[in-house]
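# Fold and geometry: a report
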Amino acid sequence: MSGETLLEELVSLPEITRQSASPDGERVAFYYNGTGRNEIFVLDVDTGEAEQWTDGDAPRQTWWPLSWSADGERVFFHLDADGDEQNDIYALESDGTTEPVVETEGQTNLHAVGDDGETLLVASNYEEQMDLYRHNLLSGKMEKVTDHDQVWESCLSRDCERVAYAANESDDADNRDTYLVGVDGSKRKRLDVGVVGSHTDPADWGPDGDRLLIADNSEDFGRCGVYDLTSGEVRWYGDLEYEESPACFTADSTRFLAERVRGATVVPVVYDVETGNSFECPLTNGVAEFGWRSTNLLMDDRALLSYTTPVRQRELVAYDLDTNDTETLFQPDTGRFSTDDFVDAEYLTVESDGVPETRQAAVEHDPYETLEIEALFYDSGQCPSALLVNPHGGPRRADQKAFHYRTQYLLSHGYSILQVNFRGSSGRGREFARKLVGDFGGAEQGDIATVTEHVLETRDWLDGNRVCVFGGSFGGYSTYWQIVQYPDLYAAAAPVVGYTDLELMYEEAMPQFRTGFMQKYLGTPEENPELYRERSPVTHAENLEAPLLMAHGVNDRRVPVSQARVFRNTLREHGYEEGEKGEFEYHELGERGHNTADMNQRQYTLRLLESFLNRRLSTSEI
């Protein structure tokens, strides 16, 4: 089979994302691209039949969740202009009719749908900062509920009278507290939970409005709690052995659902509110999740999950909370592929002090605290094999044991892959995640290089002369930084939608990104001008010693295309030549934002990467 045919087949493997159950638990809405483009489907849980509701009206990217109307007759979704993330909220009828419900000049996203059939709780930055608004479906009016630089998670009480939300008013930019406020913006109160610098987030209201399910990491690892709104007391659950986060109460509120992170896996957990007893879902060797801002409860005391492993595409699963059994509701079409055709991930840990053996060309660091760094390694089976180092985005995310078409395609072409959950990643507790604060572009980049050195030393079939680093978003930043900080380690680099000039990023970023991300990790350019300059890859562009492939979406508002352009222009000023035979290659991706679920766009980007790797690392196609 030709590489082009395999590329089309793997990229065309359909994906399920953003599942959400209807209010009666009898149907599930989700994004699915089994038709060749992203569409919204609705599954009948009882019959297993899935019906396509959209026909070309769904967005290309699936970052934002789907939500059902209170009566279960419509599905709300987010729509932007070619990935620019300036979302409006649309409603979808079963006959495919769509209409705008909330339109603004900024980014707007739906947090909650009121049981009263009239209320939508939305977050929007159309008045500059990312605040909450009550949108009345009948009148179309928007009423401001909060007044902060940024609001993170929130939930609406069942009677639609109160809102719980997370925001920050402390001097610590990485702090989050949970607040209660009337839906009209009155009677605001901060819950006395957590410590300064910790995150406390609301997850769900109890049916009677007297209890609140919350997340908190003041004891380092994330934990779940039930806050009594009458007494002001909170009961905590779990033993803090693993990071846990709550999802929702069950219908009778006697139990609640949570997710437990263990290594590179995610396991659903059910807690009994009264006794504190818990049990794990049997899906333990991959990533089993309830979903972000989704409705998780199905009929007959079952919960809705998605489940995936490195060799198994994401599928929808019903989880019986009484019997602890699971049942597959919907599987994507795998075509001719089976799990035996894919490569599983090896989980490993490496001790790192943030300073690798290789030369530090941009910034000289002394050793940091030695930490155990987790990673996933995929062996292509080819000997010798080139190594692709693939840092994740976020940075408060983590690579987990989940299926990805790009990973499997590159493995099939003889490239082994390394993914590093460096300090600053999620799933390891508050202190681990805060390691980037004030040291952005520091020890976490050393972790990536240290783990790379480790796998090269311990796996003699890897070719140390053919190592490429590639990634997107913060992974794109890491790619730029790795190639200018550790030029002796890599033979090539391929950043996508990465940032290169931190001060320019601060000037051009969306307001909530400026306050909720850049100030958290770097302060402001006025406060820390040297840190902004020193940790910007563009400052050290002259350190480039290996071929570089740059790709960036022109509609990216999260990381504007100017970040790629300024690096390209700086390379030109230093005398580097552009082109397939030059020192760097440059591509702007039209009609594309920060990410995409569009198959054609994915194929195009992967073709660029594959062509670059084949030319620059001198590997032959399989």
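Now for a quick tour of the structure.

Here is what the cut-offs are and how they apply
Residues numbered from 1 in each chain as written. Predicted model: local features only at pLDDT ≥ 70, side-chain atom pairs only at ≥ 80, totals over all residues. Heavy atoms only, no water. Helix = DSSP H or I, 4+ residues; strand = E, 2+ residues; numbered from the N terminus. Rg over C-alpha atoms; globule rule 2.2 N^0.38 Å. Buried < 20%, exposed > 50% of the residue type's maximum accessible area, 1.4 Å probe, protein only. Contact = heavy atoms within 4.5 Å. Areas by Shrake-Rupley, 256 points an atom, 1.4 Å probe, with all protein chains shown as cover. Lys, Arg positive; Asp, Glu negative; His and termini not counted. Charge placed at Lys NZ, Arg CZ, Asp CG, Glu CD. Axes fitted to C-alpha atoms, helices over the stretch in contact; angles between N-to-C directions. Parallel < 35°, antiparallel > 145°, perpendicular 65-115°, else oblique. Left-handed = near helix turned anticlockwise from the far one by under 90°. Nonpolar A, V, L, I, M, F, W, Y, C, P; charged D, E, K, R; others polar. 1 Å grid on protein atoms, 1.4 Å probe; cavity = no way out; pocket = protein on both sides within 12 Å on 5 of 7 lines; lining within 4 Å. Points joined across faces, edges and corners; volume = space filled by probe spheres on them. Salt bridge = Lys/Arg side-chain N within 4 Å of Asp/Glu carboxyl O. Polar contact = N/O pair within 3.5 Å; in protein donor to acceptor, adjacent residues only side chain to side chain. Pairing = 2+ DSSP bridges.

## As for the overall build of the protein chain
Tallying secondary structure elements over the protein chain gives 10 helices and 37 strands in all. Relative to the compact-globule value of 25 Å for 622 residues, the protein chain shows a C-alpha radius of gyration of 24 Å, a close match. Across its three principal axes, the protein chain shows a C-alpha extent of roughly 65 × 55 × 45 Å. For the protein chain, the residues scored as buried account for 62% of the 622 residues in total. Here the contacts in the protein chain between residues at least 6 apart in sequence split such that 56% fall between residues at least 24 apart. Taken as a whole, the protein chain presents about 23,300 Å² of accessible surface, with 40% of it coming from carbon and sulfur. Treating the 53 positive side-chain charges of the protein chain as one cloud and the 116 negative ones as another, the clouds have centres 2 Å apart.

## What to know about the packing of helix 2 (residues 405-412) against helix 10 (residues 599-616)
Two numbers describe how helix 2 lies on helix 10: the axes approach to 12 Å, and their chain directions differ by 30°. Regarding the angle of helix 2 to helix 10, the classification is roughly parallel. For the crossing formed where helix 2 meets helix 10, the hand is right-handed. In contact with Tyr405, Arg406, Tyr409 and Leu410 of helix 2, helix 10 contributes Arg602, Leu606, Leu609, Glu610 and Leu613. Among the residues forming the contact of helix 2 with helix 10, the class breakdown is six nonpolar, no polar and three charged.

## Thoughts on the layout of surface pockets
Empty pockets left among the atoms are what a rolling probe the size of a water molecule brings to light. As a volume, the second largest pocket reaches approximately 160 Å³. As for the second largest pocket, its lining consists of Asp149, Gln150, Trp152, Asn168, Ser170, Asp171, Asp172, Ala173, Thr515, Gly516 and Gln519. The residue inventory of the lining of the second largest pocket, partitioned by class, reads two nonpolar, six polar and three charged.

## Regarding the pattern of salt bridges
With the rule as written, the count across this model stands at 38 salt bridges. Glutamate 99 is the partner of arginine 74 in a salt bridge, and the nearest nitrogen-oxygen pair spans 3.0 Å. Here arginine 74 is found in strand 6 (residues 74-79), whereas its partner glutamate 99 is found in strand 8 (residues 98-102), with 25 residues between them in sequence. Arginine 74 gets classed as buried once you look at its relative accessible area, which sits at 17%. Between aspartate 463 and arginine 466 there is a salt bridge whose closest N-O contact spans 2.9 Å. Judged by its relative accessible area of 13%, arginine 466 falls in the buried class. Here the salt bridges do not stand alone but share partners, grouping Asp172, Asp174, Arg396, Arg434 and Lys520 into one network.

## Overview of empty space enclosed by the protein
Taken as a whole and assessed by the stated rule, the structure comprises two cavities of 30 Å³ or more. Lining the largest cavity we find Arg60, Gln61, Asp82, Gly83, Glu591, Arg592, Gly593, Asn595, Thr596 and Gln601. Looking at the lining of the largest cavity residue by residue, the classes come out as no nonpolar, six polar and four charged. For the second largest cavity, the calculated volume is near 30 Å³. Per-class residue counts for the lining of the second largest cavity are three nonpolar, two polar and three charged.

## Some thoughts on the environment of serine 416
Take serine 416: it is sitting in strand 33 (residues 415-421). On the basis of relative accessibility, which here comes to 0%, the residue serine 416 falls in the buried class. Between the C-alpha atoms of serine 416 and leucine 462, which are 46 residues apart in sequence, the distance is 8.0 Å. Non-local contacts of serine 416, meaning those with residues more than four positions away in its chain, are made with Phe377, Tyr378, Asp379, Ser380, Ser385, Ala386, Leu387, Leu388, Leu411 and Leu462. Of the polar contacts made by the side chain of serine 416, one reaches the side chain of serine 385; its length is 2.9 Å.

## Notes on the side chain of aspartate 201
Within the fold, aspartate 201 resides in strand 17 (residues 200-205). At 3.1 Å, the side chain of aspartate 201 forms a polar contact with the side chain of arginine 176. If we skip the residues at most four places from it in the chain, aspartate 201 touches Glu153, Ala166, Arg176, Thr178, Leu213, Ile214 and Ala215.

## Observations regarding the sheet that holds strand 14 (residues 162-167)
If you walk across this open sheet you meet the four strands as 13-14-15-16, and the pairing is antiparallel. The sheet is open, and its two borders are formed by strand 13 (154-156) and strand 16 (189-190), each paired with just one other strand. For strand 15 (residues 177-182) and strand 16, the ladder comprises two bridges, and the chain directions are antiparallel. Residue pairing in the sheet places tyrosine 179 in a bridge with arginine 190 of strand 16.

## Side note on the sheet that holds strand 3 (residues 39-44)
Pairing within the open sheet is antiparallel, and its four strands lie in the order 1-2-3-4. A strand with exactly one partner marks an edge of an open sheet, and here the two such strands are strand 1 (16-21) and strand 4 (50-52). This sheet shows a mean twist of 25° between the axes of neighbouring strands, independent of strand direction. Strand direction decides the pairing type here: strand 3 and strand 4, joined by three bridges, are antiparallel. If you follow phenylalanine 41 over to strand 4, its bridge partner there is glutamine 52.

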